[in-house]
Amino acid sequence: MTSARPSLAVWKFSSCDGCQLTLLDCEDELLDVAGALDIAYFLEASRATVDGPYDLSLVEGSITTPDDVERIREVRRSSRRLVTIGACATSGGIQALRNFADVREFAAIVYAQPEFVVTLDTSTAIADHVPVDFELRGCPIDKFQLLDVISAYLLGREPNVPAHSVCVECKLRGNVCVTVAHGIPCLGPVTHAGCGALCPTYDRGCYGCFGPMESPNTASLTERLRELSMPDDDIVCMFRTFNAYAESFRRAGEDIAGRTSRATVPPYPARPEERHDAQASRESHDEGRRSGARGG
Amino acid sequence: MLLDVEGLGQLIRVLGERGLQVIGPTVVDRAVVYDEIDSADDLPVGWTDEQDGGHYRLHRRDDEARFGYVVGPHSWKRFLFPPRTVLWRAERGDGTFRLIDDRADISRYAFFGVRSCELHAMAIQDRVFLDCDEPDRTYRERRDAAFVVAVNCGEPGGTCFCVSMDTGPQATEGYDLLITELLDSDRHDFLVESGSDAGVEVLAALSGRAVDDDARRAAAEVIEVAVESMGRSLETAGLQQLLEENPEHPRWDHVAERCLACTNCTLVCPTCFCSAVEDTTDVSGGLATRERRWDSCFTMDFSYLHGGSVRSTTRARYRQWMTHKLATWIDQFGSSGCVGCGRCITWCPVGIDITEEAAAIRADVLPTAEKVEVI
Ligand code: SF4
Ligand code: SF4
Ligand code: SF4
């Protein structure tokens, strides 16, 4: 029985561990997961590790160091199916704010001896470096979506992770729209569903934790936010949070700010064919073809 | 029959006593939504709504009107065609597949405060869900069990255009009871008429006064005033042909620049009926669930066929929605798909206005040579 179970590995790059914790948070379902998969590598849960290759790898975190660039290739090589989880892994995360500034200046302010800090100028998504089979969004990811992705993998079906807007979830829940009824700025119309419209349910605008939806019209929403008397600087800040470097959110901020980010390409070009696949997978995400579910 | 304010409360009680779950307008999160109501106190007493493209606000009235607002973000389809419906669940045994019989009792609703446009919307959804080879069972059961208390509109909202669509403001059929609120400095009454045997029965259980000429005159005036105060209008003459002949009109590009493809317009629309089917399984693979949930022609997955979305641009999606609603719906179901309730205008986050879009195409029709057939 044990040998027949597919093996699972969970990897961490630059991240806060919140998405891995979502897996541990599954509580009731965790035993089912452990029953269906052989948890071979998951340092957050156990120091005991089994060598690869692994059938399913979940990758958390973004690429921020030269070492990361090498390690993610190792992970890719040892993984049959690679699923990235969370905003860091799918768009570079909040730490991608460095992409709009000078990371050495930051390091000089934060660390007593910044010369010991080896870091890249940018924080980039996993798919910018290696082919990715499926991207699960969110900061953090949603537990039920994670379980669905795992269940879907185990049964060979497609995950139910629609790329439409958060507004759909608002309307399914019967929420009163905070923008229309209360004049509250909300990123819901350009944001990928998945959270169940958590913030609008509690009378807050959407913060865009799940990144861009399938066909984000950020220019139109920007006009609307201006109408709601939001200053341009604040609109830029709204787009530049956990998914600041996701293609369409990055461009939205740049269009308003009238300047481009300092670094626009990942610092270490991946191997040509990988680069191609990664780009295709990311573009398809923004265009909203079903999120890369068909293998890389 | 004429009821006073007390009598209105009695009506809600009587409906409850008949085993019906009374759903009516009530204020939640500073908007009028449809939810369970226990008494007349749950109604939006003394509230009115201000509505415009992408704009909705509640304001205090200077009277205690019970129906002094129009429709909000919810519609009755939420109850007849719920956002999510489990179609079936099944368990896997040792080489077996067993359907789980967990169908709940039929929900028996009394819809309280249904507007004329909404009665028309229900009639449209009846045609969609029931006049077909495979009538929808959930819809059928809930619809058959429902008791409908309609209310005539006295003060249309800023985005209403039922007069253009010939769907209001006066309810003409499709109700069990019909209320007209009569409110001025001298009186606060509710003229109640029955429209079915069930309605007659409920009326008989109420204690009210006989309708006098004065009340009749006041009720007629309510409608006259309402007809004159529509917030919007839509020219429907030749509209079907106009839209069908203008699939390449530059206005579609104009609207596509503004449209967010967020789906709000379709999900608030009381006639939109599209759904997706989702299959889920648990991690062990022992339990499978098939669920139907609201979908929209504005999502990419909606038109996803082998190889991609048929309508990949927002232009194509908006055009599909509006042309279906106002034109091809007529061929498909025998009436327009729009009842002029104004929800899609109010609840569009960027205030796109279906009446304005139609008017813009009419105002600037392309020369015939430039018209292209949609493929
Ligand atoms: S509150 Fe935000 S997410 Fe919800 S419907 Fe309105 S704009 Fe969309
Ligand atoms: S198209 Fe708009 S105005 Fe017409 S019925 Fe639907 S929501 Fe109401
Ligand atoms: S018309 Fe408005 S509500 Fe409808 S999809 Fe476009 S932006 Fe959203």
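Here the structure is a predicted model, which means the values were calculated and not measured.

Asks: Describe the sheet that holds strand S7 (residues 97-100) of chain B, and please don't skip the residues or the numbers.
Replies: Residue and element names in this part refer to chain B. If you walk across this open sheet you meet the four strands as S7-S6-S13-S12, and the pairing is antiparallel. Two strands in the sheet have a free side with no partner beyond their single neighbour: S7 and strand S12 (275-281). Each neighbouring strand pair of the sheet contributes to a mean axis angle of 25°, computed without reference to strand direction. Sheet topology places strand S6 (residues 84-92) next to strand S13 (residues 287-294); seven bridges connect them, and they run antiparallel. For Ala90, the partnering residue across the bridge sits in S13 and is Ala288.

Asks: Give me the lowdown on the domain arrangement of chain B, citing residues and values where you can.
Replies: Residues and elements named next belong to chain B. Here chain B is described as being made up of domain 1 (2-227) and domain 2 (239-368). Placing the centre of domain 1 and that of domain 2 at their C-alpha centroids yields a distance of 26 Å. Facing the 43 residues of domain 1 at the interface are 40 residues of domain 2. Taken together, the two surfaces of domain 1 and domain 2 that pack against each other cover about 3,500 Å², and 59% of this comes from carbon and sulfur.

Asks: So, the nonpolar core: which residues are in play, and what are the values?
Replies: Residue and element names in this part refer to chain B. Formed by 37 residues in total, the largest nonpolar core has its most connected members in Leu11, Leu15, Phe112 and Ile179. Among the elements that line this core, the one with the most residues is helix H1 (residues 5-17), at five residues. Non-local contacts of Leu15, meaning those with residues more than four positions away in its chain, are made with Leu20, Val22, Ala110, Phe112, Phe147, Val149 and Val202.

Asks: Residues and numbers for the interface of chain B and chain A, please.
Replies: Counting residues at the interface gives 46 residues for chain B, matched by 40 residues for chain A. Between chain B and chain A the total buried area reaches about 3,400 Å² when both faces are included, carbon and sulfur atoms providing 56% of it. Counting the surface chain B buries against chain A, the share from its top three residues, B:Leu260, B:Val283 and B:Tyr304, is 19%. In this structure, the connection of chain B to chain A is made through one salt bridge. Elements with a minimum of two residues in the side of chain B that touches chain A: strand S3 (31-36), strand S5 (55-60), S6, helix H9 (251-258), helix H10 (264-268), S12 and S13 of chain B. By residue number, the principal contributor to the side of chain B that touches chain A is S12(B), which donates four residues. Looking at the side of chain B that touches chain A residue by residue, the classes come out as 22 nonpolar, ten polar and 14 charged.

Asks: So what about the confidence of the model for chain B? Which residues, and what values?
Replies: A residue-level look at chain B finds 97% of positions with pLDDT of 70 or above and a mean pLDDT of 95. Listed scores for the predicted complex are pTM 0.92 and ipTM 0.95.

Asks: Break down the packing of aromatic side chains for me, with residues and values.
Replies: Working definition: an aromatic ring pair is given by the centre-to-centre distance plus the angle between the planes. Inspection of the entire model under this criterion finds 26 aromatic pairs over all chains. Centroid distance A:Trp11 to A:Tyr54: 5.6 Å. Interplanar angle 75°. Geometry classified as edge-to-face. Of this pair, A:Trp11 sits in strand S1 (residues 7-12) while A:Tyr54 sits in strand S3 (residues 54-60), placing them 43 residues apart in sequence. Assigned by exposure class, A:Trp11 and A:Tyr54 land together as buried. Seen from their ring centres, B:Phe81 and B:Trp294 are 6.2 Å apart, and the 40° between their planes marks the pair as tilted. With B:Phe81 in the loop between helix H2 (77-80) and S6 and B:Trp294 in strand S13, this residue pair connects regions lying 213 residues apart in the sequence. A relative accessible area of 4% places B:Trp294 in the buried class. Here the aromatic cluster, defined as three or more aromatic residues joined through ring pairs, consists of B:Phe81, B:Phe129, B:Tyr139, B:Phe273, B:Trp294, B:Trp329 and B:Phe333. Positioned above the aromatic ring of A:Phe100, the side-chain terminus of A:Arg240 is 3.9 Å from the ring centre.

Asks: Give me the pairing of S3(A): which residues, what numbers.
Replies: All names here are of chain A. Among the seven residues of S3, seven are classified as buried, and the element is accordingly described as predominantly covered. Note: S1 against S3, five bridges, orientation parallel. Looking across to S3, one finds that Lys12 is bridged to Glu60. Here S3 runs beside strand S4 (residues 79-85); their pairing, made up of six bridges, is parallel. For Leu56, the partnering residue across the bridge sits in S4 and is Arg81. Taking the sense of rotation as the criterion, the β-α-β connection linking S3, helix H3 (residues 66-77) and S4 turns out right-handed.

Asks: Before we move on, can you summarise a nonpolar patch on the surface with the specific residues and values?
Replies: A surface patch of nonpolar side chains, amounting to about 360 Å² of accessible area, comprises A:Ile109, A:Val110 and A:Tyr111. Mapped onto the elements of the fold, A:Tyr111 is located in the loop between helix H5 (103-110) and strand S5 (134-136).

Asks: Give me the lowdown on the sheet that holds S5(A), citing residues and values where you can.
Replies: Residues and elements named next belong to chain A. Judged by pairing direction, the sheet is parallel, and its five strands sit side by side in the order S2-S1-S3-S4-S5 without closing on themselves. Looking at the sheet topology across the chains shown, the edges are occupied by strand S2 (38-42) and S5. When the angles between neighbouring strand axes are averaged without regard to direction, this sheet yields 25°. The pairing of S1 with S2 spans four bridges and is classified as parallel. Note on S2: the bridge partner recorded for Leu8 is Ile39. Sheet contacts for H3: S1, S3 and S4; angle to S4, the most-contacted strand, approximately 130°. Contacting S3, S4 and S5, helix H6 (residues 143-155) runs over the sheet at an angle of about 160° to S5.

About the thresholds
- Residue indices begin from 1 for each chain and proceed along its sequence in written order.
- Here every chain gets a letter starting at A, and every ligand a number starting at 1, in the order they are written.
- Note on the predicted model: pLDDT of at least 70 is required for a residue's local features to be given, and 80 or more for side-chain atom pairs to be given and counted; whole-chain, interface and lining totals, by contrast, use all residues.
- Side-chain descriptors were evaluated using all non-hydrogen atoms of the structure, hydrogens and water having been removed beforehand.
- Following DSSP output, two strands are said to pair if at least two bridges run between them.
- Segments assigned H or I by DSSP are reported as helices when at least four residues long, segments assigned E as strands when at least two residues long, and all are numbered from the N terminus.
- Axes here mean lines fitted to C-alpha atoms, for a helix over just the part in contact, with angles spanning 0 to 180 degrees between N-to-C directions.
- By convention here, the domain bounds are inherited from an automatic or database domain assignment.
- Contacts between residues were defined by any pair of non-hydrogen atoms, one from each residue, lying within 4.5 Å.
- Summed over both partners, the accessible area lost on bringing two parts together, with a 1.4 Å probe, is the buried area.
- Working definition of a nonpolar core: buried Ala, Val, Leu, Ile, Met, Phe, Trp, Tyr and Cys residues. They are joined through side-chain atoms within 4.5 Å.
- Type-normalised accessible area, obtained with a 1.4 Å probe on protein chains alone, sets the label of each residue: buried when under 20%, exposed when over 50%, and partly exposed for intermediate values.
- Any carboxyl oxygen of Asp or Glu that lies within 4 Å of a side-chain nitrogen of Lys or Arg is treated as forming a salt bridge with it.
- Think of it as three bins: nonpolar holds Ala, Val, Leu, Ile, Met, Phe, Trp, Tyr, Cys and Pro, charged holds Asp, Glu, Lys and Arg, and polar takes everything else, Gly as well.
- pLDDT is a per-residue confidence score from the predictor, ranging from 0 to 100.
- Each Phe, Tyr or Trp ring, with Trp reduced to its six-membered ring, pairs with another whose centre is within 6.5 Å; inter-plane angles below 30 degrees give stacked pairs, above 60 give edge-to-face pairs, and intermediate values give tilted ones.
- Any Lys NZ or Arg CZ found within 6 Å of a ring centre and within 35 degrees of that ring's normal is scored as a charge over the ring.
- For crossovers, right-handed means that the path from the first strand over the helix to the second runs clockwise, given strands pointing away from the viewer.
- Within this analysis, patches are made of residues with over 30% relative accessible area and no salt bridge. Like charges are joined at 9 Å or less; nonpolar side chains (Val, Leu, Ile, Met, Phe, Trp, Tyr) at 5 Å or less.
- Surface accessibility follows the Shrake-Rupley procedure with a 1.4 Å probe radius. Residue values consider only the protein chains on display as shielding.

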